[in-house]
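A look at the structure
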Amino acid sequence: MNSAENKANFRQMHWIGLDDPCINQIKLDTCHHMVLGRYGGNQQAGANKNEDGALVMAGLDWEFAMVLDGHNSTESVELVIHTILQESEKLGSILGESLETVFVSLEKHILTIFQSEYFLDACKQVQGETACLLCVRKDKYIWWFSVGDCVLYLLHDDLHRLGQYALNQRQFYEWIGQVNTFAQPIPCYSSGVRELRTGYNRMLLVTDGVLECGNRYYETPKYLYQDFYGQPSPPNIENSVKHVLELVNESHGRDSATIICWDYHHVLPTTYPSNQPKR
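Given the structure is predicted, the values throughout are model-derived calculations rather than measurements.

1. Digging into the sheet that holds strand 3 (residues 26-31)
- What the five strands build is an open sheet, ordered 3-4-13-12-9; its pairing is antiparallel. The two strands at the open ends of the sheet, each matched to only one other strand, are strand 3 and strand 9 (151-155). The average angle at which neighbouring strand axes cross in this sheet is 15 degrees, direction not considered.
- Across the sheet, helix 6 (residues 221-228) lies against strand 9, strand 12 (199-206) and strand 13 (257-266), angled at about 55 degrees from strand 9, the strand it touches most.

Below, the structure written as C-alpha cells:
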C-alpha cells in the first residue's frame, strides 16, 4: 500500500495485489473519507495469488477511484496504475474545471492516455490483461469509465425503492493489456454520468471476487444495499466493507475481492417528477 500527498493538493493511495496479496486476510485502508478493502481469497479453496489493484485520490471537492481485476499476472494492473499515477497532476487539474466541462475533458483525456502510441506499445509487452473501472464524484454528479466486468453501485433509498443499484453493466471479453480493447479500430468501453440524490449517497466499486463466491449472494444487488446502506441510516463504511469481505471468506471465495466505498451527503434538492414534492 502506497499513499502520498500530491503537489496538486490532493491525497492518493494505490495498491497492487502482487505486492500485498492478502491471502486469507482482510485489510482495510482509508484515504481521507474513502475506504479500500482487500481480500486475497481463501487458501483452502485454492487461492494462491492476488491479481487485483486499486487507486484512490481525494481532492477538495472531488474523489477519484479505480479498481482493476487482472488476468494471467498483475503486469497489466501495474501498467495501468503507474500510467494513471504519472497523469495524476494533469487529472487533478482537469478535476478543478467547472461542472460544465469537467467530465467531457476527463473522458477525453482518459481516451487519449489509453489510445496513445506509448501506452499501446507498453500493453504489447505485458503478460495478461485487466478489467478496469474508473469513477469520479464532483459536486452532485458521478462519472464512470468501465472496461470489463467490475461494477459501480450507487446506493440510496430513492433508487432502492425502484430497484436500481448498479450504474454500469458487467461486460465480458473486454480488457486492457496483452489483449487490449484500445488496440482495436473502435475500442469497447462504457461510460456515463448520473446525478446524485438528496441525502446520503454511497458509492461502491467491487471486483468480481465479491460477486462470484459461494452461492453468489451479492450478485443480487439488493443484498449489497442491505449490508452497505440499510435503514434508517447508512452503517459505518469500514464495518460494512469488513462484513462483506468476511462473507466472501466464509463462502470460500477463491478469487480476490477488492472494494472501494465512500459517501457524499448532498443537502440540496435534486431531480424529482413534476407531481412529486421535492425533498
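Picking up where we left off.
2. Structural notes on the pattern of salt bridges
- What the rule picks out here adds up to 15 salt bridges.
- Salt-bridge contacts for D61 lead to K138; the nearest nitrogen and oxygen are separated by 3.0 Å. Of this pair, D61 sits in the loop between strand 5 (52-58) and strand 6 (62-71) while K138 sits in strand 7 (residues 129-138), and the two are 77 residues apart along the sequence.
- A relative accessible area of 37% means that D61 is categorised as partly exposed.
- E212 is the partner of R170 in a salt bridge, and the nearest nitrogen-oxygen pair spans 2.7 Å. With R170 in the loop between helix 5 (157-161) and strand 10 (176-177) and E212 in the loop between strand 12 and helix 6, this pair connects stretches of sequence that are 42 residues apart.
- Using a relative accessible area of 32% as the deciding quantity, one classes E212 as partly exposed.
- Salt bridges sharing common partners tie together D149, R170, E212, R216 and E219.

What counts as what
- Residues numbered from 1 in each chain as written.
- Predicted model: local features only at pLDDT ≥ 70, side-chain atom pairs only at ≥ 80, totals over all residues.
- Heavy atoms only, no water.
- Pairing = 2+ DSSP bridges.
- Helix = DSSP H or I, 4+ residues; strand = E, 2+ residues; numbered from the N terminus.
- Axes fitted to C-alpha atoms, helices over the stretch in contact; angles between N-to-C directions.
- Contact = heavy atoms within 4.5 Å.
- Salt bridge = Lys/Arg side-chain N within 4 Å of Asp/Glu carboxyl O.
- Buried < 20%, exposed > 50% of the residue type's maximum accessible area, 1.4 Å probe, protein only.

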